[in-house]
Amino acid sequence: MVEHRADILVSCLHDRCPELIPAFEEELERRGLTGEVTVVEAGCRGLCAMGPVLLIEPDGLFYTHVDPADVPELVEETLIKGRVVERLTYKEPETHRSVCRYEDIPFYTKQQRIVLRHCGLIDPASIDEYIAVGGYQALGQALTSMTPEEVIEEVKASGLRGRGGAGFPTGRKWEAGRKARGEPKYVLVNGDEGDPNCFMDRALMEADPHSILEGMIIAAYAVGAHRGFIYIPYEHAGSVRSMKNALEQAREYGLVGEDILGSGFDFDAEIRLGAHSFVGGESTALMHAVEGHVSEPRPKHVHTTDSGVWDKPSCLNNVKTLSIVPEIITRGAGWFACIGTETSKGTQVFSLAGKINNVGLAEVPMGITVRELVYDVGGGIPKGREFKALQIGGPSGGFLPPSLLDMPMDYETLADAGSMMGTGGVVVLDDRTCVVDTARYFLDFLRDESCGKCTSCREGIRRMLEIMTRITKGQGQMADLEMLETLGQVVKKVSLCGLGKTAPNPVLSTLRYFRDEYVAHIEDKSCPAGTCKALIQYYILPEACTGCTLCLRKCPQNAISGAKKEVHVIDQTLCIKCGVCYDVCRFDAVAVR
Amino acid sequence: MNSTGFEPRIVAFLCNWCTYTAADTAGVSRMEQPPNVDIIRVMCTGRVNPVFVLKAFAEGADGVIVSGCHPPNDCHYQEGNYKTFRRMPLLEMMLDQYGIEKGRFHWGWISGAEAPKWAQLVRDFTEQVRQLGPLNWKRQIESKE
Amino acid sequence: MATLIIDGQEVHAEEGQTILEVARANGIEIPTLCSHPLLEPYGACRLCTVEVIRRGWSRLETSCTHPAWDGLEVKTRSPAVIEARKVLLELMLSRTPNVPVIQELARAYGVTEPPYPVEDPQEKCILCGLCVRVCRELVKANVLDFSQAGIERRVGPPFLEKTRQCIGCGACTIVCPTGAIEIVLANAAVYQEKPLGPTSAIWVPSLQAVPRVPVIDTDACIRFRQNDRTDGETADACGACQMLCEAGAIDFTQQDEIVELDVGTIIVATGYNLWDPTLLSQYSYGQSPHIITSMEFEHLSNAGGPTSGQILLSDGRKPQRVAIIHCVGSRDHNAHPYCSRFCCMYSLKHAHQVRDKTDAQVYEFYMDMRAFGKAYEEFYERVQEEGVTMVRGRGAEVEVLPDGQLRVKGEDANLGRLVQVDVDLVILATAIEAPHDADRVAALFGLSRTEDGFFAESHPKLRPVETNTDGVFLAGVAQGPKDVPDTVAHAGAAASMALALLDKGEVTISPQIAVVDEELCSACKTCIVLCPYTAISFLEDKNVAHVNEALCKGCGTCVAACPAGAITGRHFTTEQIMAQIEGLFRMPIPQLAEGVSP
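Not measured: the values here are computed from a predicted model. (Residues numbered from 1 in each chain as written. Chains lettered and ligands numbered in written order. Predicted model: local features only at pLDDT ≥ 70, side-chain atom pairs only at ≥ 80, totals over all residues. Heavy atoms only, no water.)

Another point: the pairing of strand β7 (residues 186–190) of chain A. Residue and element names in this part refer to chain A. Burial runs high along β7: five of the five residues are buried. Here β7 shows no split at all, with Y186, L188 and N190 on one side and V187 and V189 on the other all buried. For β7 and strand β8 (residues 227–233), the ladder comprises five bridges, and the chain directions are parallel. Bridging across to β8, L188 finds its partner in F229. For β7 and strand β10 (residues 314–318), the ladder comprises five bridges, and the chain directions are parallel. (Buried < 20%, exposed > 50% of the residue type's maximum accessible area, 1.4 Å probe, protein only. Helix = DSSP H or I, 4+ residues; strand = E, 2+ residues; numbered from the N terminus. Pairing = 2+ DSSP bridges.)

Applying the stated rule across the entire model yields 27 aromatic pairs over all chains. Between C:Y338 and C:F454, the ring centres sit 5.7 Å apart and the planes meet at 70°, which makes this aromatic pair edge-to-face. Of the two residues, C:Y338 sits in the loop between β13 (321–328) and α9 (343–357) while C:F454 sits in the loop between α11 (438–445) and β21 (472–474), which places them 116 residues apart along the sequence. On the accessibility criterion, C:Y338 (13% relative accessible area) is buried. By relative accessible area, C:F454 is classed as buried at 1%. In this structure an aromatic cluster arises from ring pairing among A:F62, A:Y102, A:F107 and A:Y108. Here the guanidinium or amino end of B:R41 rests over the ring plane of B:Y20, the centre of that ring lying 5.9 Å away. A cation sits over an aromatic face here: C:K553 above C:Y533, 5.5 Å from the ring centre. (Phe/Tyr/Trp six-rings, centres within 6.5 Å; stacked < 30°, edge-to-face > 60°. Lys NZ or Arg CZ within 6 Å of the ring centre and 35° of its normal.)

On to the interface of chain B and chain C, then. Tallying the contact residues gives 30 residues for chain B and 30 residues for chain C. At the junction of chain B with chain C, the criterion picks out two salt bridges. Among the salt bridges present, the one from C:E582 reaches B:K55, with a minimum N-O distance of 2.6 Å. Where chain B meets chain C, there are eight residue pairs in polar contact (both at pLDDT 80 or more). Listed by contribution, the elements that provide at least two residues to the side of chain B that touches chain C are β1 (10–15), β2 (37–42), α2 (50–59) and α3 (80–98) of chain B. Residue composition of the side of chain B that touches chain C, by class: 14 nonpolar, six polar and ten charged. (Contact = heavy atoms within 4.5 Å. Salt bridge = Lys/Arg side-chain N within 4 Å of Asp/Glu carboxyl O. Polar contact = N/O pair within 3.5 Å; in protein donor to acceptor, adjacent residues only side chain to side chain. Nonpolar A, V, L, I, M, F, W, Y, C, P; charged D, E, K, R; others polar.)

With that out of the way, let us pick up helix α17 (residues 455–472) of chain A. Between its first and last C-alpha atoms α17(A) spans 25 Å; for 18 residues at 1.5 Å apiece the expected length is 26 Å, and the two agree. In the stretch just after α17(A), A:G474 is the one whose phi turns positive, near 80°. (Expected span 1.5 Å × (residues − 1).)

Turning to the interface of chain C and chain A, a few remarks are in order. One frequently used descriptor of interface size is the decrease in accessible area upon assembly of the parts. With 31 residues of chain C at the interface, the matching set in chain A holds 27 residues. Buried area between chain C and chain A, both sides added, is near 2600 Å², and the carbon and sulfur share of it is 60%. At the junction of chain C and chain A, the tally comes to three salt bridges. Among the ionic pairs, C:R153 bridges to A:E296, the shortest N-O distance being 3.1 Å. For the pair chain C and chain A, the number of links is 14 residue pairs in polar contact (both at pLDDT 80 or more). Counting only elements with at least two residues in the side of chain C that touches chain A, the list comes to β4 (57–62) and α2 (79–95) of chain C. For the side of chain C that touches chain A, the residue count by class is 18 nonpolar, seven polar and six charged. (Buried area = accessible area lost by both parts, 1.4 Å probe.)

What follows concerns the pairing of strand β3 (residues 53–57) of chain A. All names here are of chain A. Counting buried residues along β3, four of its five residues qualify, which places the element largely inside the surrounding structure. Pairing analysis gives three bridges linking β3 to strand β4 (residues 61–63), with the strands arranged antiparallel. Bridge pairing in β4 links L55 to F62. Turn length for the β3-β4 hairpin, with the two strands adjacent in sequence and antiparallel, is three residues, and the turn residue G60 shows positive phi of about 75°.

Where charged atoms from two side chains of opposite charge come close, those side chains can pair. What the rule picks out here adds up to 62 salt bridges over all chains. Residue A:R202 is joined to A:E206 by a salt bridge in which the shortest nitrogen-to-oxygen separation is 2.9 Å. Placement of the pair is A:R202 and A:E206 together in helix α8 (residues 200–207), with a separation of four residues, close to one helical turn. Here A:R202 falls in the partly exposed class, since its relative accessible area comes to 35%. Across the pair B:E59 and C:R586 runs a salt bridge whose closest N-O atoms are separated by 3.5 Å. Note that B:E59 is positioned in helix α2 and C:R586 in helix α15 (residues 574–586), a pairing that runs across two chains. The exposure class of B:E59 is buried, given its relative accessible area of 16%. Residues joined by salt bridges that share partners form a network here, namely A:R458, A:E459, A:R462, C:R95 and C:E119.

In total, this model carries one disulfide over all chains according to the counting rule given. Between the sulfur of B:C18 and that of B:C69 lies a disulfide, 2.4 Å long from S to S. Judged by the sign of its S-S torsion, about 105°, the cystine formed by B:C18 and B:C69 is right-handed. Here the residue B:C18 occupies a position in the loop between β1 and α1 (19–28), and B:C69 occupies one in the loop between β3 (63–68) and α3, the gap between them amounting to 51 residues. Note on accessibility: B:C18 and B:C69 belong to one class, buried. The thiol sulfur of A:C457 is not disulfide-bonded, and the nearest other cysteine sulfur, from A:C454, lies at 5.0 Å. On the basis of relative accessible area, A:C457 is assigned to the buried category, the value being 6%. No disulfide involves C:C245; its nearest neighbouring cysteine sulfur is the one of C:C241, lying 8.2 Å away. (Disulfide = S-S within 2.5 Å.)

There is a patch of nonpolar side chains on the surface, built from C:V259, C:L261 and C:V263 and spanning about 320 Å² of accessible area. Among the structural elements, C:L261 can be located in the loop between α7 (240–244) and β10 (266–268). (Patch = residues over 30% accessible without salt bridge, like charges linked within 9 Å, V, L, I, M, F, W, Y side chains within 5 Å. Areas by Shrake-Rupley, 256 points an atom, 1.4 Å probe, with all protein chains shown as cover.)

This next bit is on the environment of C:G373. Among the secondary structure elements, C:G373 is positioned in the loop between β14 (361–366) and α10 (376–385). For the pair C:G373 and C:M345, spaced 28 residues apart in sequence, the C-alpha to C-alpha distance is 9.5 Å.

So, about the sheet that holds β1(B). To summarise the sheet geometry, strands pair through backbone hydrogen bonds and adopt either a parallel or an antiparallel arrangement. All names here are of chain B. Reading across from one edge, β2-β1-β3-β4 is the order of the four strands in this open sheet, with parallel pairing throughout. Looking at strand neighbours, the two that pair on one side only are β2 and β4 (105–109), the edges of this open sheet. Taking each pair of neighbouring strands and ignoring which way they run, the sheet shows an average axis angle of 15°. Note: β1 against β3, five bridges, orientation parallel. Counterpart to I10 in the pairing with β3 is G63. Docked against the sheet, α1 engages β1, β2 and β3, running at close to 115° with respect to β1. (Axes fitted to C-alpha atoms, helices over the stretch in contact; angles between N-to-C directions.)

The step from A:E57 to A:P58 runs through a cis peptide bond, and the omega angle for that step is 5°. Along the chain, A:P58 falls in the loop between β3 and β4. Here the residue pair B:P71 and B:P72 is connected by a cis peptide bond, since its omega of 5° sits within 30 degrees of zero. Structurally, B:P72 is set in the loop between β3 and α3. At B:N136, a residue that is not glycine, the phi angle is positive and equals roughly 45°. Here B:N136 lies in the loop between α4 (115–132) and α5 (137–144). The class of B:N136 is partly exposed, set by a relative accessible area of 33%. Positive phi, close to 50°, is recorded for C:C238, a residue that is not glycine.

What is shown is where atoms sit, not what they do.
Okay, structure coming up:
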């Protein structure tokens, strides 16, 4: 009998190292361990900055930055000799202390993974593994021992709010869907993740597709729908593949189709592909695309639960929302309601990006403070720089200044602070990030993503961007600030869909908390963060410069002159402010003003 | 009337609307005409079967006139005069073959307003036939047998 | 039935109405650009934004899309709304600074200059989507749609290429609020934007039409055209007229009806057509929008016309110099040799109207002035006194100059000189002619035509309204050019004669008719073509000719022609005539008494 020795769960393969698994298999073959060790391609584990990562069970050893070249050593040391390969373990950002066990890594210990509960721990392509960890139990429970109304009551009692960005109470949406008149009814799954800095939906779809399906079927049961659409942009090939595979497997096992689990309930779903765009994730635009048209929103005076796809009652939920539902059914609404804050129950999956050490996905209870998120979970800011702002909510979100570092974050507090929870996309800014430029960057993104239907969004964003661009180039005037404010308020109130209504947020919130930075750009013609190229100047500090010629050689414009061992000088007329000299100097001799 | 001379007997087929009216007017106006012409009124010269002309000669006429309304537009019945216009030249050819001299048959157009023209025609034609002498067609035919 | 409050006023709404519809029905004005009563609401321009207060929450919403729910409170001019509209108009004006309707709206909200940098001053499209929606929802041709996104969004056919899907109906140009779409008419003899013909497929022929009820031109109507084009697949395109008609009077299923009537008399009053002046190229008709026919001038000068009666050039200016040319196509061996009779008088009238409505100088080129009627000569004098310059000599040529002016050349016979004058407007007093289907009408009623092409009356002097076919009368210009008083008299005569015939109830015919002896008739059909009254018909079943005694006039042509001698001309029988001839020669020659001269 071949003893099963270990499982190697490899995560984060797709973009990083497709050769990693073949490398393992080859090495194992070579060492004769093939039958004893299973190599599984598991889904995203969230520690994106350190991928590819490995989890070796049953020891619970966690390795980061694994390269195919490391494979022989790993097999030799860990699998055969049972030793830890120190250099590949996780290192704490500040202390550089090595943490070799998965369960000890603070990044993970601080999290409460509900949505991401299976991510990276099971083979997403195997329905059996999903069932083995308790999957589809909730479905069985709901279909056989609960009425649809009871399901709705449970979800309502849990306080679950939609994780797609708007945070609408899911139970109430399902109740409205149930009450809506019209046949047939549809449930829709929103897989069109639009925020440029968000990747949790994708991670979920690729790592744990069955949890979404289970949630979808339960939703259909609750609402009274027998058909469902899973909308995924065709560009997201991995998600499409994963969901398609899961759907087929579920159908095979009779979990989708007629008389599911003998309950008498029929339900089937199909995957609808669309062309990805930011506005494509907006519910009415998505429904328009499911119908076969362009992703263009329409006014939502009448809720889509009453009139959605083909004017029929349609219940749309985000993938994350649906993946939580089975847990609520099995563990009870009370359990979920204990997590989080008064108004915002449960957890939120944040995607951490920007100037932060632990770039990746982290799921934490609602109500976590900014400080905890950035420093405890996020591992702090690289190079020990100062925290300047937390941008949250994607391009539609706002900025939180240092004064709000200890603010607990939930839907309400963020909205009051002029920001929004959104889908949990977080960008951390340090003192070397220009807030004005970042806001301008988001506006630029939104201008491209605007569908162009309504005047206020299409023209308004463009004009706001014009003003912001001028300000970053040092051509701003004080009157511009008032104009931005007025224009922003009108665009916010008058635009047709969520994109337009939230587009001014970055500008409005930075005007609120970082007005002095704007003023500096306008009146002083300077960029305090030192990033707006038109307003900065790189110069060499004579007292620090050792004349090593490193910057001189690296300068793409040959703008630096100076002999060896003598102080160098930057010719400002040639300098294009690329910042390479700043980056390469070992002596901190290049400064910005 | 000249008792020594030959007095031609002329038969004229006149259409009611034009030439007959002209003749009527000529008479009423006392225009000078010899009495040699006997008039047979038809409604339209189109009614004139060429046989009538032959009959007249056969019965003893020395000359025959057929006269109606002017083409192109005067015919009271639109086109009757055109039929006459077609028949008369053919009839002339026939008369020639019968040996009836050309000067004995006249066909033409005189409108109701042209009474003097009618009177002139009567004068001229009577004289013309007088010069030709008597026809005596019946006798001629009989004598040839 | 819902109740809501708009600007403090309680109003009622039907099921399915939007706030905009209810407001408009109650006389409350809300500006819109992308909304249209016949199209689904779209919500693109955002201009109709109003403040909606529901359950204590106040939000700005577009009134064109928002349903008029019970219990709503709406404010159409609150400060937030005014500010929103002002900002929207600032944005729109910066996109399309030279569009009049945007400029006007912007001005109403205090915006006079575009506050943002203008990218393309000639841009006219505001992306309201009306053209796309009308083409898709009403015309169902699906030619226009949006492409690209964001600020690159634009309207057009696929790939902005000309497509044969477009049926040229012009619905998009009509519906476009900014004039961004234009239909260019080739060869428009009169002003492009104000065509003098029907402008839509459903139209009232003229303000004086009886009955004054619109008709649908099925060749132009979108519904019929689309139905034909798609072989019935798209059978319900457009129908805008039916949707808007409150009386429900429009019925697309009407078919032509053929009605058979037995009538006692027929009056042919088929009028005339205007001769086409392009047939004489020296008048340059069609080369300039300012060379128009007299009929077109009538339309222009009419209060119900395209300019409400003002005499204007195509660019809206009043003309300074006008030339009127008589006898265009009349009295002309290259066109019609006859005189069209009433053009002199109406040309004087036109000259008078031009002088009255503008300060233009008028030059009238005529050959002879036919002012024959009652007070006509006096009017002629009056017009001369009004300062109209009479040039005695037919206008020979009209030349279109590069700057658009028109050079009229002719001879002034009174001065014995060639003259020319440069004018802004030329009115051609065009000849009239018989209607273009006159030969078919003539064949139908057995009418002949005179040389001028008009129908032939029985007698040019004595029987102006009768025709050679009994019971068929002529009225008006169908018989020949005449003006209104003469037409009235003529028509009155025809009516009287027709009535007299009808009144009698029976027709008295002359006994002098032809009769066919059916036994003798050999069916050679010679007689049939000879009858100018089509009184002889051939009876197929009996195989004989038959004379219609009501039509026969008794001329006797058929009698003379029948080879079988089968036709008897009553009262002028062959026997009778023969007897007359015989009788002449049986009688003794009357002997006058001696001495009496004949």
